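Each chain, letter by letter, is given below.
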Amino acid sequence: GVPRQYLMSVINSAMDIRTASESLLSLINEILDISKIEAGKMHLVEQDYEPADQLRSIITMIRVRSDQKDLSFNVEVDEKLPTILYGDAGKIKQITLNLLTNAVKYTEKGGFTLKVLVTDITEEYCDVRISVKDTGIGVREEDLDKLFTAYERLDEKRNSSIQGTGLGMAIAKNIVDMMGGVITVSSVEGKGSEFCVA
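Here the residue numbering is sequential within each chain, running from 1 through the sequence in written order. Thresholds applied to this predicted model are a pLDDT of at least 70 for local features of residues and 80 or more for the giving and counting of side-chain atom pairs; totals over whole chains, interfaces and linings are not thresholded and use all residues. No hydrogens and no water enter the side-chain calculation; it runs on all heavy atoms of the structure.

K.L.:
Explain the nonpolar core to me, please; I cannot follow it from the model alone.
P.N.:
Nonpolar side chains in soluble globular proteins tend to end up buried together. Buried Ala, Val, Leu, Ile, Met, Phe, Trp, Tyr and Cys residues form a nonpolar core when they are joined through side-chain atoms within 4.5 Å. Exposure classes here rest on a 1.4 Å probe applied to the protein chains alone. A residue is buried below 20% of its type maximum, exposed above 50%, and partly exposed in between. Membership of the largest hydrophobic core comes to 39 residues, with the highest contact counts inside it found for Ile62, Phe73, Leu99, Leu100, Phe112, Leu114 and Ile183. A run of H or I in DSSP becomes a helix once it reaches four residues, and a run of E becomes a strand once it reaches two; helices and strands are each numbered from the N terminus. Listed by contribution, the elements that provide at least two residues to this core are α1 (4–38), α2 (51–68), α3 (89–105), β4 (111–121), β5 (126–134), α4 (168–178) and β7 (192–197). Considering every element that reaches this core, the biggest residue donor is α3, with eight residues. Whether two residues are in contact is decided by their heavy atoms, any of which lying within 4.5 Å being enough. If we skip the residues at most four places from it in the chain, Leu114 touches Leu55, Phe73, Asn74, Val75, Glu76, Thr96, Leu100, Ile130, Ser131 and Val132.

Quick look at the structure:
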């Protein structure tokens, strides 16, 4: 038979390749997205979708990453959230994943919480607030304004080990703006951050 050590080496190499290819794909997608935004070619594609299914998919993807870093990942979903919503499900998922991925990236101890809250609801519409709160490294007060600027990398010395284009939050802000929403952040350096989309 094949030695176990050799098998483990092959498996680890395959996982490294997969991680590298996922990172590369993410970088390419972000560059394509910012190019679309700058060219005015980014549009909303709105339709009915099931938020519960979308949340399950997001949670599954992020849980793998939080488990790898031994972080807690809590989810609180408002019981008033309708079974069907109307909007651009793909872009809402993209924004939510962006916030959660950042929480995983910049948190080494403790964990983070995703909250989905219904702030206003009628027969015609439903206002939802999505927030992600972490116990990560936080953002310096003087850097908060730079967070949503394309190609800005904050505190490069401290974050040198963290990969990314610095485009994620700029893309998220542009999409939220297109939807008529607002993205806000509150943070304490060394203690954590909370990002809200409403």
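Past the structure itself, the notes keep going.
K.L.:
Honestly, the pairing of β4 in this entry has me stumped. Any pointers?
P.N.:
The side chains of a regular strand alternate, first on one face of the sheet and then on the other. Here the rule is simple: two strands pair whenever DSSP picks up at least two bridges between them. The pairing of strand β2 (residues 72–77) with β4 spans six bridges and is classified as parallel. Bridge assignment links Asn74 to a residue of β4, and that residue is Thr113. Note: β4 against β5, nine bridges, orientation antiparallel. Paired with Ile121 across the strands is Cys126, a residue of β5. Hairpin connection, β4 to β5: the antiparallel pair is bridged by four residues.

K.L.:
I keep staring at the pairing of strand β6 (residues 183–188) and nothing clicks. Help me out?
P.N.:
Relative to β7, β6 runs antiparallel, the two sharing six bridges. Directly across from Ser187, in β7, lies its bridge partner Ser193. Connecting the antiparallel pair β6 and β7 is a turn made up of three residues, with Gly190 showing a positive phi of about 85°.

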